[in-house]
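# Observations on the model geometry
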Amino acid sequence: MITKLTRSPSVAAAILREGGVVAFPTETVYGLGANALDARSVRAIFRAKGRPRDNPLIVHVPSAEFVGQVAQRIPASARKLMEHFFPGPLTVIVPRHPGVPQEVTAGLDTVGVRCPRHHVAQEFLQACGCPVAAPSANRSGRPSPTTWQMALAELDGRIPCILKGGRAEIGLESTVVDCTGSRPVVLREGAVHLEQLRAVVPSVRTAAGGERHGPARSPGLKYRHYAPRPRVILVDGPRDVPVSEAARAAYIGIEARGFRRRPLRVKRCRAVSDYAKGLFSFFHQCERDGVGTIFCQRVPREGLGQALMDRLHRAAEPARTRKAERSF
Ligand code: AMP
Ligand code: MG
C-alpha cells in the first residue's frame, strides 16, 4: 500500500469516508482515525498498529453536540467537564451508545470521547461528518508520534493516508476521566491536570494503583506504552549519568549542566511544557542515532509534570516486560 501524504483535510476525510484509516494531527499527539460507526474500518486500525483487540479506542468528534451519537447518556460530571474542556486535551468515558461497534470499545459498555482543538483536526473531523475512532498513530507499545514524519516512520505502507500538520503542541496523550461511576476517576494523566478538573467537578479522584490507565475491567492498563527501543533511565540530573555510559547515552531534562562526561546527545528543555512537547520526538531521534540508553531527568509532580512523570515511568519500565508485550 502506498501512503499518501496530504495537507488537505477534505482529501484525507474522503479517504476515511471510503473506509480507509488516516493519520491526522491533534494538539496532543497524531491520531490514527477511522469511521467509528463502521466496524470494518475500525478493525483496519488494529491491523495497522498491531494493537491488541482488547485495548479500547477514543472516539473523536468535531464538537460536543456529536457526543450524543456515541454516548447512550451523558452523566452530569461529563457534561460539566465537556463544557469546560472541549475542545481540548480531555477524554471523557461515558456509557456507550448501542450504535458504536464493539471493536471500538473492546467489548466494554463505555466509550471514550474527545473533541480536539487543533484546527486541522477540527477541519478534518467536520469534513468526515462521522465520529472518528482514533488511537495514537504509532505501532502498538511505541511512543506516540508528535510529527507527521514520526507517523510516517511508524506506519509507511500500512495505511492509505497521512494528513500533515505541524508538531503537536502538547506532545502527551489526552487526560482520560471515567465519568460512569459515582465519582469521576482520572485513568490517565494529561495536559488537563487534577487541580483543573477539580475546579470544575470537585469530586474527581485519582485512580488507585490498579485502576490507572483504565479501570480494572479496562484492558488498557495491561499494555506497555510509550517505550522507545533504547533503555530509558530516570535520573535527578546530569551528575547521575555514569561516565562509562556517556559515549552511547542521550540525556533530556530541564538542567543540562554539570555532566561528569557529556553524553552523545543532550536536549535541554526550558520548561516542563517544552519537555513534554519534545519527549517522544527525542526518543525517536535517539532510536535513529543508535543511542543505547536515554537518561531522563525527573520533574516535580505538579501541573503538567504529573503527566510527564507518568509517561517517563512507563517508558522506563523493565525491558523484560516490554519485550513480552511487544510480541503480542
Ligand atoms: P490511545 O488512544 O492509544 O492513547 O489509547 C486510548 C486509551 O484510552 C486506552 O488505552 C485506554 O487506556 C483509554 N480508554 C479508551 N476507551 C476507554 C474506555 N471505554 N474505558 C476505559 N479506558 C478507555
Ligand atoms: Mg497510544
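Attention in this report is confined to the structure presented alongside it. As the structure is a computational prediction, the values presented were derived from the model and not from experiment.

## Description of the overall build of the chain
- Of regular secondary structure, the chain possesses 10 helices and 15 strands.
- For a compact globule of 328 residues, the expected C-alpha radius of gyration is about 20 Å, and the chain comes in at 19 Å, within 12% of that figure.
- Expressed along its principal axes, the backbone C-alpha trace of the chain runs to roughly 60 × 50 × 35 Å.
- The buried share among the 328 residues of the chain stands at 59%.
- Of the contacts formed within the chain by residues at least 6 apart in sequence, a portion of 67% connects residues at least 24 apart.
- Side-chain charges of the chain comprise 50 positive and 28 negative groups, with the mean position of each set lying 4 Å from the other.

## A few points about the side chain of Ser-174
- Residue position: Ser-174 is located in the loop between strand S8 (161–163) and strand S9 (175–178).
- A distance of 2.8 Å separates the side chain of Ser-174 from the side chain of Thr-91, its partner in a polar contact.
- Beyond its immediate sequence surroundings of up to four residues, Ser-174 is in contact with Thr-28, Ile-58, Pro-89, Leu-90, Thr-91, Arg-114, Arg-188, Glu-189, Gly-190 and Arg-311.

## Digging into the packing of aromatic side chains
- Applying the stated criterion across every chain, the model contains 3 aromatic pairs.
- When the ring of Tyr-251 is compared with that of Phe-259, the centres are 4.9 Å apart and the planes differ by 85°; the resulting orientation is edge-to-face. The exposure classification of Tyr-251 matches that of Phe-259, with both residues buried.
- The ring of Trp-148 has Lys-164 lying over it, and the distance from NZ or CZ to the ring centre is 4.5 Å.

## Some words on the state of the cysteines
- Taken as a whole and judged by the stated rule, the model has 0 disulfides.
- Among the cysteines around Cys-115, which has no disulfide bond, Cys-128 carries the closest sulfur, lying 13 Å off.
- Looking at Cys-296, it has no disulfide partner, and the nearest cysteine sulfur is the one in Cys-286, 8.3 Å off.

## Here we look at the side chain of Arg-188
- With respect to the element layout, Arg-188 can be found in strand S10 (residues 185–188).
- There is no salt bridge for the buried Arg-188, and the closest opposite charge comes from Glu-173, which lies 5.2 Å off by N-O distance.
- Within the local environment of Arg-188, its side chain forms a polar contact with the backbone oxygen of Ser-174, the two atoms lying 2.9 Å apart.

## A word on the pattern of salt bridges
- Following the criterion strictly, the structure yields 13 salt bridges and no others.
- Across the pair Arg-43 and Glu-103 runs a salt bridge, and its minimum N-O distance is 2.8 Å. With Arg-43 in helix H2 (residues 39–49) and Glu-103 in helix H4 (residues 102–105), this pair connects stretches of sequence that are 60 residues apart.
- The closest approach of N and O atoms between Arg-231 and Glu-245, which form a salt bridge, is 3.0 Å. Of this pair, Arg-231 sits in strand S12 (residues 231–235) while Glu-245 sits in the loop between S12 and strand S13 (249–253); the two residues are 14 residues apart in sequence, bridging distant segments of the chain.
- According to the relative accessible area criterion, Arg-231 is partly exposed, its value standing at 41%.
- Through salt bridges that share partners, Arg-142, Glu-154, Arg-229 and Glu-287 make up one connected network.

Definitions and cut-offs
- Residues numbered from 1 in each chain as written.
- Chains lettered and ligands numbered in written order.
- Predicted model: local features only at pLDDT ≥ 70, side-chain atom pairs only at ≥ 80, totals over all residues.
- Heavy atoms only, no water.
- Helix = DSSP H or I, 4+ residues; strand = E, 2+ residues; numbered from the N terminus.
- Rg over C-alpha atoms; globule rule 2.2 N^0.38 Å.
- Buried < 20%, exposed > 50% of the residue type's maximum accessible area, 1.4 Å probe, protein only.
- Contact = heavy atoms within 4.5 Å.
- Lys, Arg positive; Asp, Glu negative; His and termini not counted.
- Charge placed at Lys NZ, Arg CZ, Asp CG, Glu CD.
- Polar contact = N/O pair within 3.5 Å; in protein donor to acceptor, adjacent residues only side chain to side chain.
- Phe/Tyr/Trp six-rings, centres within 6.5 Å; stacked < 30°, edge-to-face > 60°.
- Lys NZ or Arg CZ within 6 Å of the ring centre and 35° of its normal.
- Disulfide = S-S within 2.5 Å.
- Salt bridge = Lys/Arg side-chain N within 4 Å of Asp/Glu carboxyl O.

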